[in-house]
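The primary structure of each chain is shown beneath.
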Amino acid sequence: RQMPDSEHGYLFFAADMNQRARERHHLEEDLREALHRGELLLYFQPQFELASGKMQAAEVLLRWQHHEHGMVSPAKFIPVAEETGLIHEIGDWVLETACATLHAWLERGIPPLRLAVNLSARQLRPKLISRVLELVGQYQLPVHLLELEITESVLIQDDAKALALLESLRAAGFAIALDDFGTGYSALSYLRRLPIDTLKIDRSFVADLPGCEQEAAMVLSILRLAQTHGLSVVAEGVETQAQLDFLRQHGCPAVQGFFLARPMPLQDLEELLLR
Ligand code: C2E
Ligand code: MG
Ligand code: MG
Ligand code: MG
């Protein structure tokens, strides 16, 4: 169930520049085909409310099951999709598949779980709003079942258009989460003006808890900040009991990480939902 590391598949670190360019070219070509070959699929990683232990949502994580190379990490192919513009088609597939999944749950009487979909900065354009509204209409979904995750990079340029777009999405009822929080450049003072609901504490801060004073202080200040601004928090990358205990002790509302549940195929998530 775990994804193989970069030993497999595309070796971007090939010493030879030509070799590297060729591999990159192949990756691009293959990615173009991936959608049509049906090689893309979604995995789901549950998020848990800390106080109750209840599953509160699942993050939708894209996977590429390559016909020769096996699983290719999104960390490798999403950047290529962004650079080539393929992210629009791929991102739309992710959104629609997530919506179709929610629809199927409602139809089958499976208690639905909010799904958090990752969006690339490039997807944040006016078309996105009409498209997500079209999708929730088509699949007859209550909007609160969809959450959209964006990263700080979207907001770095203080892009008024991106902000307005987020405002509209929120006004339409979609929850917005700020992913990988703490890794970007965004001054914390920014937060006041951001149309968001949730901060996701980047896993690099969680990794060294509870021992590392610097990381612990960072996490505590994020938790305080969130409280001040009425934002929810999800700590990402929880891998140990000690990390979980620290987060609980300091009132972190929700957690996500391998210690609780790894990203899993749809069928496994449905088993959890039906349990
Ligand atoms: P992300 O949105 O921050 O997603 C969380 C990543 O952390 C996932 O990696 C997940 O498998 C991993 N993770 C979760 N818990 C743990 C843990 O306890 N320990 C460790 N070490 N890792 C953990 P994944 O699935 O490889 O995705 C990597 C990134 O690719 C995502 O980071 C997101 O930025 C991007 N991505 C994934 N799916 C999509 C998508 O559909 N659209 C876009 N635009 N980006 C996506
Ligand atoms: Mg995410
Ligand atoms: Mg993240
Ligand atoms: Mg990320």
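Placed above this text is the structure.
Attention in this report is confined to the structure presented alongside it. Here the structure is a predicted model, which means the values were calculated and not measured.

**Some words on the environment of Glu82**
Piece 1. With respect to the helices, strands and loops of the structure, Glu82 is situated in helix H2 (residues 74-84).
Piece 2. Between the alpha carbons of Glu82 and Glu152 there is a distance of 16 Å; along the sequence they are 70 residues apart.
Piece 3. Apart from residues no more than four positions distant in its own chain, Glu82 is found in contact with Ile87, Ser120 and Arg122.

**Structural notes on the coordination of the magnesium ion (ligand 2)**
Piece 1. For the magnesium ion (ligand 2), the full set of protein donor atoms is Glu59 (OE), Asn118 (OD1), Glu149 (OE) and Asp179 (OD), at a range of 2.0 to 2.2 Å.
Piece 2. In the primary structure, the donors to the magnesium ion (ligand 2) are separated according to the pattern E-x58-N-x30-E-x29-D.
Piece 3. Between the magnesium ion (ligand 2) and the magnesium ion (ligand 3), the interatomic distance is 4.0 Å, and Asp179 donates to each metal, bridging them. With Asn118 in strand E4 (residues 114-118) and Glu149 in strand E5 (residues 146-151), this pair connects stretches of sequence that are 31 residues apart.
Piece 4. In this structure Glu149 comes out as buried when scored by relative accessible area, which is 1%.

**Thoughts on the coordination of the magnesium ion (ligand 3)**
Piece 1. Around the magnesium ion (ligand 3), the donor atoms from the protein are Asp179 (OD), Asp180 (OD), Glu236 (OE) and Glu236 (OE), and they sit 2.1 to 2.3 Å away.
Piece 2. Coordination of the magnesium ion (ligand 3) draws on donor residues from a single chain, spaced D-D-x55-E in sequence.
Piece 3. For Asp179, a relative accessible area of 7% gives the class buried.

**Brief notes about unusual backbone geometry**
Piece 1. The omega torsion of the bond from Leu209 to Pro210 falls at -10 degrees, within 30 degrees of zero and hence cis.
Piece 2. Examined against the element boundaries, Pro210 turns out to sit in the loop between helix H7 (203-207) and helix H8 (213-228).
Piece 3. Although it is not a glycine, Gln140 adopts a positive phi angle of roughly 50 degrees.
Piece 4. For Gln140, the location among the structural elements is in the loop between helix H4 (126-138) and E5.
Piece 5. With a phi close to 50 degrees, Asp180 is a non-glycine residue in the positive phi region.
Piece 6. With respect to the element layout, Asp180 can be found in strand E6 (residues 175-181).

**A few points about the pattern of salt bridges**
Piece 1. Applying the stated criterion across every chain, the model contains 14 salt bridges.
Piece 2. For Lys200, the salt bridge identified is with Glu59, shortest N-O distance 2.8 Å. Placement of Lys200 in strand E7 (residues 198-201) and of Glu59 in strand E2 (residues 55-66) is noted, with a sequence separation of 141 residues between them. Side by side, Lys200 and Glu59 carry an identical accessibility label, which is buried.
Piece 3. With a closest N to O distance of 2.6 Å, Arg131 and Glu134 form a salt bridge. Taken together, the positions of Arg131 and Glu134, both in helix H4 and three residues apart, correspond to about one turn of that helix.
Piece 4. Through salt bridges with shared partners, one network takes in Arg24, Glu28, Arg32 and Glu83.

Criteria and cut-off values
- Residues numbered from 1 in each chain as written.
- Chains lettered and ligands numbered in written order.
- Predicted model: local features only at pLDDT ≥ 70, side-chain atom pairs only at ≥ 80, totals over all residues.
- Heavy atoms only, no water.
- Helix = DSSP H or I, 4+ residues; strand = E, 2+ residues; numbered from the N terminus.
- Contact = heavy atoms within 4.5 Å.
- Donors = N, O, S within 2.8 Å, 3.2 Å for Na, K, Ca; no water.
- Buried < 20%, exposed > 50% of the residue type's maximum accessible area, 1.4 Å probe, protein only.
- Salt bridge = Lys/Arg side-chain N within 4 Å of Asp/Glu carboxyl O.

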